[in-house]
Amino acid sequence: MLDTDAEDIHPLFHGAPSSTGFRKLRKRIVRNVREAVEQYGMIERGARWLVCLSGGKDSYTLLAALHELQWRGLLPVDLLACNLDQGQPGFPATVLPEFLARMGVPHRIEYRDTYSIVMDKVPEGRTYCALCSRLRRGNLYRIAREEECSAVVLGHHRDDILETFFMNLFHGSRLATMPPKLVNEEGDLFVYRPLAHVAEADCDKFARAMNYPIIPCDLCGSQDGLQRRQIKALIDGWEANHPGRRQKMFRALMNTRPSHLLDPALFDFAGLTRSAENSTEIAPKLR
């Protein structure tokens, strides 16, 4: 049972609703996170993870689920929460440190004014997200090294991964998305996405039910661009007309067949041969 007494669980879960619906939601999220952690081989016993928090619903859900697994002895790693304050105007700088201190969560708050760099470098009318993400990622890698962490842990969920796949398909001419596990370019850090199997709707329901202090994601005045919003609307439409379509498309990313695609770098089409027996049988028909 996930609805243990308040004295027995992490403070992140104190005050959790006692409804059956919430217990099922919480159980599903924790199960999905555990599945991703185990399926993609994220656990290195005794490792330290830098869990990145933006203050959005996804990162709060990530933090709670990881602490639940840790409390249950299913995640034998140290967790260090980290928020990178990038100097966005209006960012409520005290919300996360006060919340993390109240919850007893080990954390590091880092201030780096990357916002001014982005505003200076990105032409007017263009989205800030690409450069902002690169600067944020570089700082998070630095912090992870300073804190002797082996992995940077991000809060991207199932829907982020699916939307990125279609972004790459429609606008990048490639079949690719955000993997649940990768190694950074320098080769010294893992990047994990334990929410890979968790639906965005579940993150939203969970964080709101727990009344976590959610920080809006549009403080910088730029979203991920019109293209991503169009992709999200397209997927939402498919899901509305055919419930369950989103999950089926996501499962397809876990069930690829290189021999039934067109990339010769993944499958040796030129070297594909017929068996001698089959060759003999069809030879007369070819003549």
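Criteria and thresholds
- Residues numbered from 1 in each chain as written.
- Predicted model: local features only at pLDDT ≥ 70, side-chain atom pairs only at ≥ 80, totals over all residues.
- Heavy atoms only, no water.
- Helix = DSSP H or I, 4+ residues; strand = E, 2+ residues; numbered from the N terminus.
- Contact = heavy atoms within 4.5 Å.
- Areas by Shrake-Rupley, 256 points an atom, 1.4 Å probe, with all protein chains shown as cover.
- 1 Å grid on protein atoms, 1.4 Å probe; cavity = no way out; pocket = protein on both sides within 12 Å on 5 of 7 lines; lining within 4 Å.
- Points joined across faces, edges and corners; volume = space filled by probe spheres on them.
- Nonpolar A, V, L, I, M, F, W, Y, C, P; charged D, E, K, R; others polar.
- Disulfide = S-S within 2.5 Å.
- Buried < 20%, exposed > 50% of the residue type's maximum accessible area, 1.4 Å probe, protein only.
- Arc of directions from axis to C-beta.
- Patch = residues over 30% accessible without salt bridge, like charges linked within 9 Å, V, L, I, M, F, W, Y side chains within 5 Å.
- Salt bridge = Lys/Arg side-chain N within 4 Å of Asp/Glu carboxyl O.

So, the overall build of the protein chain
- A count of helices and strands for the protein chain gives ten helices and six strands.
- Long-range contacts, defined here as pairs at least 24 residues apart, represent 76% of the contacts in the protein chain between residues at least 6 apart.
- Summed over its atoms, the accessible surface of the protein chain is roughly 16000 Å², and 52% of this surface lies on carbon and sulfur atoms.

Description of the layout of surface pockets
- What the second largest pocket holds in volume is close to 480 Å³.
- At the level of elements, α6 (158-171) and α9 (245-252) are the ones that each hand at least two residues to the lining of the second largest pocket.
- The residue makeup of the lining of the second largest pocket, split by class, is 16 nonpolar, three polar and two charged.

Side note on the state of the cysteines
- Considering all chains together, one arrives at zero disulfides under this definition.
- Unpaired in this structure, Cys-52 has its nearest cysteine sulfur neighbour in Cys-82, at a distance of 5.8 Å.

What about helix α7 (residues 200-209)?
- Burial in α7 covers these residues: Asp-202, Cys-203, Phe-206 and Ala-207. In an axial view of α7, the angular spread of the buried residues amounts to 120°, which keeps them on one side of the axis.
- One or two residues past the end of α7 sits Asn-211, with phi positive at roughly 60°.

Notes on a nonpolar patch on the surface
- A grouping of Leu-169, Phe-170, Leu-175, Leu-234 and Leu-261 is seen on the molecular surface, where their side chains present a nonpolar patch of about 420 Å² in accessible area.
- In this fold, Phe-170 is placed in helix α6.
- Note on Phe-170: relative accessible area 43%, which makes it partly exposed.

Some points on the pattern of salt bridges
- Summed over the entire model, instances satisfying the criterion amount to 22 salt bridges.
- Of the charged contacts, one joins Glu-38 and Arg-34 as a salt bridge, the two residues approaching to 3.0 Å between their closest N and O atoms. Taken together, the residues span about one helical turn, with Glu-38 and Arg-34 both in helix α1 (residues 20-39) at a distance of four residues.
- Between Glu-146 and Arg-142 there is a salt bridge, with the nearest N and O atoms lying 3.2 Å from each other. One end of the pair, Glu-146, and the other, Arg-142, are both in helix α5 (residues 129-146), four residues apart, so they sit about a helical turn from each other.
- For Glu-146, a relative accessible area of 45% translates into the label partly exposed.
- Exposure remark for Arg-142: the relative accessible area of 21% places this residue in the partly exposed category.

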